[in-house]
Amino acid sequence: MSISVHAPAHLPAHNRHCQTSVHPRCDFIQQGDTLLRPRLLLEGWCAGYRITIDGRRQLTNLYLPGEIIGVWRNSQPSFYHSVMSVTRASFVEFTTTADSEVAQSECALFEQQLENSIFRLGCLNAYERMAHLFLELGERLDIRGMGSRNAYRMPLTQELLADLVGISSVHVNRTLQQMRADNAISLINSRLTLSDPDRLAEQVHYQPLM
């Protein structure tokens, strides 16, 4: 059984190496590391990030359940970023590099996510950035069968959201309050609901990944 980006990713038994787990806020990949075995994220959220010498941090991407960490178009490159667990996370490793068709699909989707990130940070205001991010996360979870496009568990703190969308934590708080006031979202106990995702997507120029 092969991995598909249209459904939760599974590995055939003969291609599994071992299953591991990490606690929340654990740096389990360092910038410059080479990962010989790609890891399928079974549960939990993880984040790639880079940090400056004076301590400023930018989250460059998120890894969601069903996605693969360390699959590339070229063989065994070094990570440009560190990776930490946002929540408790569990993985299963490939015994070998991923099938070429799987790798191409995963890389293509990842590149679209990076393009989304560039668009968010370069063209949108704080409100639009947050809405655009929430729409993308819903779509990615829906693709993997791990949530729906308009409602899902979102365990990101305001600090992490700030580092993702390039604004301060205070600005994140104000933006979330405004989104609630506009009835654009509901966020209760880390459960995020988008009231009208289609209308929101039109407002923030969101283009679906698939």
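What you see is a predicted model; the values in this text were computed from it and never measured.

## A look at the overall build of the protein
Check the secondary structure of the protein and you find 5 helices and 11 strands. Out of the 210 residues belonging to the protein, those deemed buried represent 47%. Counted over contacts in the protein with a minimum sequence separation of 6, partners at least 24 positions apart contribute 74%. Within the structure as shown, the protein displays about 10700 Å² of accessible surface, and the carbon and sulfur contribution to it stands at 49%.

## A word on unusual backbone geometry
At Asn189, a residue that is not glycine, the phi angle is positive and equals roughly 50°. Along the chain, Asn189 falls in the loop between β10 (185-188) and β11 (191-194).

## What to know about helix α4 (residues 169-181)
Its 13 residues give α4 an end-to-end C-alpha distance of 18 Å, which sits within 8% of 18 Å, the value for a rise of 1.5 Å per residue. On its buried face, α4 is in contact with α2 (126-143), α3 (158-165) and β10. In the stretch just after α4, Asn183 is the one whose phi turns positive, near 60°.

## Considering the packing of α2 against α3
Where α2 meets α3, the closest approach of the two axes is 10 Å, and the angle between their N-to-C directions is 100°. The orientation of α2 relative to α3 falls into the category roughly perpendicular. When α2 is examined against α3, the residues Arg129, Met130, Leu133 and Phe134 are found in contact with a partner set consisting of Leu161, Leu164 and Val165. A class-by-class count of the residues in the contact of α2 with α3 yields 6 nonpolar, no polar and 1 charged.

## Quick look at the sheet that holds strand β4 (residues 46-51)
Strands sit in the order β2-β7-β4-β5 across an open sheet of 4 strands; the sheet is antiparallel. In this open sheet, the two edge strands, each paired with only one partner strand, are β2 (27-29) and β5 (57-63). Each neighbouring strand pair of the sheet contributes to a mean axis angle of 35°, computed without reference to strand direction. For β4 and strand β7 (residues 82-85), the ladder comprises 4 bridges, and the chain directions are antiparallel. Bridging across to β7, Cys46 finds its partner in Ser85.

## Thoughts on the nonpolar core
Ranked by internal contacts, the top residues of the largest apolar core, which has 39 residues, are Trp45, Phe134, Met154 and Leu156. Secondary-structure elements contributing two or more residues to this core are β4, β5, α2, α3, α4, β10, β11 and α5 (197-203). Examining the composition of this core, we find that 8 residues originate from one element, α2, more than from any other. Here Phe134 is in contact with Tyr152, Met154, Leu161, Leu176, Met179, Ile185, Leu192 and Leu194, once residues within four sequence places are set aside. Core analysis: the second largest hydrophobic core is formed by 12 residues, Val22, Ile29, Leu41 and Cys46 among them.

## So, the confidence of the model for the protein
For the protein, the average pLDDT comes to 87, and 88% of its residues sit at 70 or higher. Segment residues 1-14 is flagged for pLDDT under 50; beyond a separation of four residues in sequence, or across chains, it makes 32 contacts in the model.

## Some words on the pairing of strand β3 (residues 39-43)
Pairing of β3 with strand β6 (residues 68-69) involves 2 bridges; the strand directions are antiparallel. If you follow Arg39 over to β6, its bridge partner there is Ile69. Sheet topology places β3 next to strand β8 (residues 89-94); 4 bridges connect them, and they run antiparallel. Opposite Leu40, over in β8, you have Val92 as the bridge partner.

## Points about the pairing of β5
With 6 bridges joining them, β4 and β5 adopt antiparallel strand pairing. What sits directly across from Cys46, in β5, is Tyr63. Hairpin connection between β4 and β5: a loop of 5 residues separates the two successive antiparallel strands, and Gly55 in this loop has a positive phi of roughly 95°.

About the thresholds
Residues numbered from 1 in each chain as written. Predicted model: local features only at pLDDT ≥ 70, side-chain atom pairs only at ≥ 80, totals over all residues. Heavy atoms only, no water. Helix = DSSP H or I, 4+ residues; strand = E, 2+ residues; numbered from the N terminus. Buried < 20%, exposed > 50% of the residue type's maximum accessible area, 1.4 Å probe, protein only. Contact = heavy atoms within 4.5 Å. Areas by Shrake-Rupley, 256 points an atom, 1.4 Å probe, with all protein chains shown as cover. Expected span 1.5 Å × (residues − 1). Axes fitted to C-alpha atoms, helices over the stretch in contact; angles between N-to-C directions. Parallel < 35°, antiparallel > 145°, perpendicular 65-115°, else oblique. Nonpolar A, V, L, I, M, F, W, Y, C, P; charged D, E, K, R; others polar. Pairing = 2+ DSSP bridges. Core = buried A, V, L, I, M, F, W, Y, C linked by side-chain atoms within 4.5 Å. pLDDT = per-residue confidence, 0-100.

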